[in-house]
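The chain contents come next:
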Number of protein chains: 4
Amino acid sequence: MNEDYGRLIVQGADRPGIVSSVSTVLAEQGANIVALDQTSSDPSGGRFFQRTVFHLPDLSTRLAELDHALEQKLTDEFGLSYRLVEVKRHKRVAILVSKADHCLLDLLWRQRRGELHMSIPMVISNHPDLGDDVRQFGIPFFHVPVEKDKKAIAEKEHLNLLKGNVDLVVLARYMQIVSGEFLDDVGVPVINIHHSFLPAFMGAGPYQRAKERGVKLVGATAHYVTEDLDEGPIIEQDVIRVSHRESARELQRKGADVERLVLSRAVAWHLDDRVIRDGNTTVVF
Amino acid sequence: MNEDYGRLIVQGADRPGIVSSVSTVLAEQGANIVALDQTSSDPSGGRFFQRTVFHLPDLSTRLAELDHALEQKLTDEFGLSYRLVEVKRHKRVAILVSKADHCLLDLLWRQRRGELHMSIPMVISNHPDLGDDVRQFGIPFFHVPVEKDKKAIAEKEHLNLLKGNVDLVVLARYMQIVSGEFLDDVGVPVINIHHSFLPAFMGAGPYQRAKERGVKLVGATAHYVTEDLDEGPIIEQDVIRVSHRESARELQRKGADVERLVLSRAVAWHLDDRVIRDGNTTVVF
Amino acid sequence: MNEDYGRLIVQGADRPGIVSSVSTVLAEQGANIVALDQTSSDPSGGRFFQRTVFHLPDLSTRLAELDHALEQKLTDEFGLSYRLVEVKRHKRVAILVSKADHCLLDLLWRQRRGELHMSIPMVISNHPDLGDDVRQFGIPFFHVPVEKDKKAIAEKEHLNLLKGNVDLVVLARYMQIVSGEFLDDVGVPVINIHHSFLPAFMGAGPYQRAKERGVKLVGATAHYVTEDLDEGPIIEQDVIRVSHRESARELQRKGADVERLVLSRAVAWHLDDRVIRDGNTTVVF
Amino acid sequence: MNEDYGRLIVQGADRPGIVSSVSTVLAEQGANIVALDQTSSDPSGGRFFQRTVFHLPDLSTRLAELDHALEQKLTDEFGLSYRLVEVKRHKRVAILVSKADHCLLDLLWRQRRGELHMSIPMVISNHPDLGDDVRQFGIPFFHVPVEKDKKAIAEKEHLNLLKGNVDLVVLARYMQIVSGEFLDDVGVPVINIHHSFLPAFMGAGPYQRAKERGVKLVGATAHYVTEDLDEGPIIEQDVIRVSHRESARELQRKGADVERLVLSRAVAWHLDDRVIRDGNTTVVF
């Protein structure tokens, strides 16, 4: 039922007339705009962002022509960058995990239920524990151990598995730091989930330290991974209420409930091209 | 600083090319689109909604010309309805209250702080109690008693005060039922706030009955008033958590905290032309 | 690690000295109170509720003696009812489902990871669809079709399976109405989950009708089942924010996210004896 | 209607028999326990916390006798500390503010409508701006300017105003750092409210920096003030959802909505003796 639907994501320096030009190109090609979100970071001299969903009969065969028309108008005339996507083409997503299953299973369940518009060609883990769970969903599971001081070897193996095969990598509680070289080489976005607190508790034992401060909320943040660990642009966040009644371990369990929900939402929005990166921030339409 | 900014709200039957036509008219008139939200109720044969914020130098003097161009394109060619608004023209809002002060004061505070883009030419109440509070903000307060079986007289007095003087009426815990005749005659939107529960407890003593059922959330709903009491299109809702520890009276207090927040949000969004009515539902951009 | 821990739930007509008597009995028996919650529905002439967690060395062998002492004091002297529970004895829970998997999978998964202190001797469904999922967790799955006008036959089969074998029945999106006879005969509490809205939309197609009214929150309510369908005492509720962007089907998906969380919380609290029924309301400690 | 109600807060090293002893002393004195919350930080060797609300006829005249009995039992026998409070005796609260009015007005308004069980003998500010607002509530307003490098002088003036006159100091967006000497000398608890984010943005311009990272939630934390600025034990926290649509200034406004709610809750709970400090954490019953 998504046949003939497309998405167009445009971003760049704002100037008058962009919306008009985009919609005129689409109208000239016979496309009907189904939904359009547009914003500017600043009314004057800001950055421009637009997400358009459109319907165009015979989209697949007309795609090259539409792309050409957009390139002439948007790239050549306005100096903007854009992405043109067929809605029916599901993104291919690799999931990296360690031992915790909550984020992984939530993604697998939702994908099976048809809530996430993706295929999952592989799950990779530095531990063998979750292999059975993954394979029950008919999804290949690759165990790539990460030995101390030999991370480069493991990352090379990751790259062999991933390159050309996926459009997105999701770190679903993957407890290894990913190197800048890996991020450069893999060539696709990487989404991570991590716990978060008000205030922040950096370093080891965050739940224990949060408890010692008496926090009343535990949360989770899904973000694109950059070289600055846990500091990349935020896609989604949420929190859950806790109290003195819960032990540090119970805080962690409640945190897990938020993590899986936040990660699933972030992945769903990325798959629907709702998230536009803009430096270290995001626009989520 | 809102000088030269305008808003254009368009709605009607969807068909290809509307966004393009709107943005082309704006571009031809020299306007730069600052923000644009658009949606359709259904990809095929649905209803079309668009909110556009634009910047046009000398907007006040150019308004008539722009309006004319829009009418030709949108009304005559596409059969759509639209509203064209200057951002700097604040809407004039009358607030109707009874004895409870929480919603009223929240609106007055926010208006004083510059959070709500409105003027308040009058507050009307069927009780004298809140007169001092209102007048301390420099706002006229009119006491219009509503005697039993003489509501028509009071409503006539309301209409004398309101007609031509306001662009919006807000019922901020006004404990009288408003007649269909009043709604017809007043000629401007009327927003109401009422408590809401999961499940609903119709009739008298809702908080007591909610408590007797053990509800864990109390909420509030802000909506446009229609002849179907409390059944008009919803603008905003929220809830707050409660427990067995709270008495029915404390539930009511917590409910009041939600009511004032929900009403203030609904009014703010209406003032910014973010809310589009569509039959008995709303689009909130 | 729960060895030697017990829970004592006391309820009845309030009068002075109950807390003191309970804690004195426990102290005399050598028990140390680890956590105690107590409340009264009204300071004078109300109903009394107390949940106490205590540690008593050799609890299993001392249980009968403690029970006897409590009976003398609480039943005979104060006319109260009480339940005495060994924490290490997990409750046996049957889950009834139809075709939707979200609530079921959440319960199975949480039980596997040790979050829910229960055993699951069986899952019963009126459809065969979820059999494989259930059996992968090593749990028996019984398919009991419910033919139109022959519900009594199915319920009899249910009772054959359930009676004496379970301490709790959970309706995890079981789309059949349960009869008053069944509730009487099964002899254990039955927990249900249903969607809930502000305002309520009774009857068929609730998500579509909620959308037509423009609701901004969809929610879920977990409650004990009584003969008044969906009107039993509420254990837990929660909501999630929605907007005009979501179709009725997407509202339903978001509703599913709330349903599984609310049901899992309600079951967890019931298993920990945190929920005390009081007529048609609950105290949740 | 709070006549003859008392609260007893007990804390210290846990050991068997405390609850029993407390409730026995109360029962012997003729008191009826209305509500009791008790918890231990750890089942074995933890710290003990108990809050008890009781009704005792002629409490005022019997207070000394009850206190004596509690001291013998709790202090002398168990080595615990306790506080005994008459519910009808409202705490005296001083509010310190700068220029932002949202937290101040929320406290004044709630006190006027009877939601906060306190008297407000004074509001102190380093700016004159809010004097009229405060005095309209019939509350004295003292302007104590804080000149650069002369904070010690201002704090001395604060202490002259406060000492002996108040039971609690609330910093309601008071934009000055309070010295350790002041905290020592003032001799009563000090509650502060500050914005909070996931992740934290220390230092200047937190809302702008939060926006640059794309945060989706802004929040507030109410805590007891200690010498470690903004690091004291947390009483209450909450968050509100934001998006890329909001400017840094709008984030700040939404933050203000959370701040006033969180601070009001924290103050209400403190006034009802629901908050027990335990090192750098809290138990909130």
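Residues numbered from 1 in each chain as written. Chains lettered and ligands numbered in written order. Predicted model: local features only at pLDDT ≥ 70, side-chain atom pairs only at ≥ 80, totals over all residues. Heavy atoms only, no water.

As annotated in an unreviewed UniProt entry, chain A carries the name Formyltetrahydrofolate deformylase and comes from Amycolatopsis alkalitolerans. What UniProt records for chain A under Function (unreviewed entry) is the sentence "Catalyzes the hydrolysis of 10-formyltetrahydrofolate (formyl-FH4) to formate and tetrahydrofolate (FH4)." Check the Sequence similarities (unreviewed entry) section of the UniProt entry for chain A; it says "Belongs to the PurU family." (UniProt positions renumbered as here; feature names shortened; annotations may be inferred.)

### Let's talk about the overall build of chain A
Along chain A, the regular secondary structure elements total 8 helices and 13 strands. Against the globule reference of 19 Å for 285 residues, chain A gives a C-alpha radius of gyration of 21 Å, in line with a compact fold. Its C-alpha atoms give chain A principal-axis dimensions of roughly 60 × 40 × 35 Å. For chain A, with 285 residues in total, the buried portion stands at 60%. Partitioning the contacts of chain A with sequence separation of at least 6, the portion at a separation of at least 24 is 65%. Of the roughly 11300 Å² that chain A leaves accessible, carbon and sulfur atoms contribute 49%. Of the charged side chains in chain A, 35 are positive and 41 negative, and the gap between their average positions amounts to 7 Å. (Helix = DSSP H or I, 4+ residues; strand = E, 2+ residues; numbered from the N terminus. Rg over C-alpha atoms; globule rule 2.2 N^0.38 Å. Buried < 20%, exposed > 50% of the residue type's maximum accessible area, 1.4 Å probe, protein only. Contact = heavy atoms within 4.5 Å. Areas by Shrake-Rupley, 256 points an atom, 1.4 Å probe, with all protein chains shown as cover. Lys, Arg positive; Asp, Glu negative; His and termini not counted. Charge placed at Lys NZ, Arg CZ, Asp CG, Glu CD.)

### What to know about the relation of the copies chain D and chain A
For these two chains of identical sequence, chain D goes onto chain A by a turn of 180 degrees and a shift of 0.1 Å along the axis, with RMSD 0.1 Å. Interpreted geometrically, this transformation is the action of a two-fold axis. (Least-squares fit on C-alpha atoms with pLDDT ≥ 70 in both.)

### Observations regarding the domain arrangement of chain A
All names here are of chain A. Examined at the domain level, chain A breaks down into domain 1 (5–86) and domain 2 (91–284). Once you take the C-alpha centre of each, domain 1 and domain 2 turn out to be 31 Å apart. On the domain 2 side, the residues contacting the 10 residues of domain 1 number 9 residues. On the domain 1 side of the contact with domain 2, Arg7, Phe49 and Arg51 bury the most area, a combined 50% of that side's loss. Our count for the domain 1 to domain 2 interface comes out at 4 salt bridges. Between the two partners, domain 1 and domain 2, sit 7 residue pairs in polar contact (both at pLDDT 80 or more). Elements with a minimum of two residues in the side of domain 1 that touches domain 2: β1 (5–13), β3 (47–55) and β4 (81–86). Looking at the side of domain 1 that touches domain 2 residue by residue, the class counts come to 3 nonpolar, 3 polar and 4 charged. (Domains from an automatic or database assignment. Buried area = accessible area lost by both parts, 1.4 Å probe. Salt bridge = Lys/Arg side-chain N within 4 Å of Asp/Glu carboxyl O. Polar contact = N/O pair within 3.5 Å; in protein donor to acceptor, adjacent residues only side chain to side chain. Nonpolar A, V, L, I, M, F, W, Y, C, P; charged D, E, K, R; others polar.)

### What to know about the relation of the copies chain D and chain B
Least-squares fitting of chain D to chain B yields an RMSD of 0.1 Å, with the superposition described by an axial translation of 0.0 Å and a rotation of 180 degrees. Mapped onto chain B, 100% of the interface residues of chain D again fall at the interface, so both copies present the same surface.

### Section: the pairing of strand β6 (residues 118–125) of chain A
Residue and element names in this part refer to chain A. For β6, the buried fraction is high: 6 of the 8 residues fall into the buried class. Two elements, strand β5 (residues 91–97) and β6, share 6 bridges in a ladder whose sense is parallel. Paired with Leu96 across the bridge in β6 is Ile124. Bridge count between β6 and strand β7 (residues 141–143): 3 bridges; the pairing is parallel. Across the sheet, the residue bridging to Ser125 is His143, located in β7. (Pairing = 2+ DSSP bridges.)

### Regarding the layout of surface pockets
Think of a ball as big as a water molecule: rolled over the atoms, this probe shows where empty space is left. Residue and element names in this part refer to chain C. By volume, the second largest pocket amounts to about 1200 Å³. For the lining of the second largest pocket, the elements supplying multiple residues, two or more each, are β9 (190–197), α7 (206–213) and α8 (248–271). Looking at the lining of the second largest pocket, the element that brings in the most residues is β9, giving 6 residues. Residues that form the lining of the second largest pocket fall into these classes: 21 nonpolar, 11 polar and 11 charged. (1 Å grid on protein atoms, 1.4 Å probe; cavity = no way out; pocket = protein on both sides within 12 Å on 5 of 7 lines; lining within 4 Å. Points joined across faces, edges and corners; volume = space filled by probe spheres on them.)

### A short note on the UniProt feature "active site" (unreviewed entry) in chain A
Listed under "active site" (unreviewed entry) in the UniProt record, and renumbered for this structure, are Asp230 of chain A. Excluding anything up to four places from it in sequence, Asp230 of chain A contacts Asn192, His194 and His223 of chain A together with Arg213 of chain D.

### Considerations on the sheet that holds β5 of chain A
Residue and element names in this part refer to chain A. Spatially, 7 strands are ordered β7-β6-β5-β8-β9-β10-β11 in an open sheet, and the strand pairing comes out mixed. Edge strands, defined here as strands with exactly one partner in the open sheet, are β7 and β11 (234–241). Across this sheet, the average inter-strand angle for adjacent strands is 20 degrees, counted without regard to direction. One ladder, built from 3 bridges, connects strand β8 (residues 168–171) with strand β9 (residues 190–197); its direction is parallel. Along β9, the bridge assignment pairs Val170 with Ile191. Together, β5, β6, β7 and β8 form the strand contacts of helix α5 (residues 151–162), whose direction differs from that of β6 by roughly 160 degrees. (Axes fitted to C-alpha atoms, helices over the stretch in contact; angles between N-to-C directions.)

### A few points about the sheet that holds strand β7 (residues 141–143) of chain C
All names here are of chain C. If you trace the 7 strands from one edge of the open sheet to the other, you get β7-β6-β5-β8-β9-β10-β11, paired in mixed fashion. Both edges of this open sheet fall to β7 and β11 (234–241), since each of them pairs with a single strand only. Between one strand axis and the next, the sheet turns by 20 degrees as a mean value, whatever way the strands run. The pairing of β9 with strand β10 (residues 217–224) spans 7 bridges and is antiparallel. Its bridge partner lying in β10, His195 is registered against Ala220.

### Focus: the pairing of strand β2 (residues 32–40) of chain B
Counting buried positions over the 9 residues of β2 of chain B gives 9, a clear majority of the element. Note: strand β2 (residues 32–40) of chain A against β2 of chain B, 3 bridges, orientation antiparallel. Considered in β2 of chain B, the bridge of Asp37 of chain A is made with Asp37 of chain B. In this structure, β2 of chain B lies alongside strand β3 (residues 47–55) of chain B, joined through 8 bridges in antiparallel fashion. Across the sheet, residue Asn32 of chain B finds its bridge partner in β3 of chain B, namely His55 of chain B. Hairpin geometry of β2 of chain B and β3 of chain B is characterised by an intervening segment of 6 residues between the two adjacent antiparallel strands and by a positive phi of about 75 degrees at Gly45 of chain B.

### Remarks on the UniProt feature "domain: ACT" (unreviewed entry) in chain A
Per the UniProt record, "domain: ACT" (unreviewed entry) is annotated on residues 7–92 of chain A. Along residues 7–92 of chain A one finds 35% helix and 38% strand; the C-alpha atoms at either end are 17 Å apart.

### Remarks on the side chain of Gln50 of chain B
All names here are of chain B. By the secondary structure assignment, Gln50 is in strand β3. There is a polar contact of 2.9 Å between the side chain of Gln50 and the side chain of Thr52. Setting aside residues no more than four positions away along its own chain, Gln50 makes contact with Leu8, Ile9, Val10, Val19, Val22, Leu36, Asp37, Gln38, Ile276 and Phe285.

### Here we look at the interface of chain D and chain B
Where interface size is quoted, it is often the accessible area lost as the parts come together. On the side of chain B, 21 residues touch chain D, which itself brings 20 residues to the contact. Carbon and sulfur atoms supply 35% of the area buried between chain D and chain B, which totals about 2000 Å² over both sides. Contact with chain B buries surface across chain D, with Trp109, Arg253 and Arg260 of chain D losing the most and accounting together for 27% of the total. The interface formed by chain D and chain B includes 12 salt bridges. Here Asp37 of chain B and Arg245 of chain D are joined by a salt bridge, their closest N and O atoms 3.1 Å apart.

### A few points about the interface of chain D and chain A
Contact residues are listed per partner, giving 36 residues for chain D and 36 residues for chain A. Both faces considered, chain D and chain A share a buried interface measuring about 2700 Å² in area, 49% of it formed by carbon and sulfur atoms. Run the count over chain D and chain A and you get 8 salt bridges. Arg241 of chain A is the partner of Asp238 of chain D in a salt bridge, and the nearest nitrogen-oxygen pair spans 3.6 Å. Between chain D and chain A we count 22 residue pairs in polar contact (both at pLDDT 80 or more) in total. Those elements that place two or more of their residues in the side of chain D that touches chain A are β2 (32–40), β9 (190–197), α7 (206–213), β10 (217–224), β11 (234–241) and β13 (281–284) of chain D. The element best represented in the side of chain D that touches chain A is β11 of chain D, accounting for 7 residues. Of the residues contributing to the side of chain D that touches chain A, the split by class is 13 nonpolar, 11 polar and 12 charged.

### Here's the deal with the packing of helix α1 (residues 18–28) of chain A against helix α1 (residues 18–28) of chain B
Each packed pair of helices is defined by two parameters, the angle between the axes and the distance between the axes. Across the interface, α1 of chain A lies against α1 of chain B with an axial gap of 8 Å and an inter-helix angle of 140 degrees. It follows that α1 of chain A is oblique to α1 of chain B by the angle criterion. The two elements α1 of chain A and α1 of chain B meet at a crossing, and its hand is left-handed. Here Val19, Ser20, Ser23, Thr24 and Ala27 of chain A of α1 of chain A come into contact with α1 of chain B, specifically with Val19, Ser20, Ser23, Thr24 and Ala27 of chain B. When the residues that make up the contact of α1 of chain A with α1 of chain B are grouped by side-chain class, the tally is 4 nonpolar, 6 polar and no charged. (Parallel < 35°, antiparallel > 145°, perpendicular 65-115°, else oblique. Left-handed = near helix turned anticlockwise from the far one by under 90°.)

### Let's talk about a negative patch on the surface
A surface patch of like charges, here negative, comprises Glu181, Asp184, Asp185, Glu227 and Asp228 of chain A. As for its position among the elements, Asp228 of chain A is in the loop between β10 (217–224) and β11. (Patch = residues over 30% accessible without salt bridge, like charges linked within 9 Å, V, L, I, M, F, W, Y side chains within 5 Å.)

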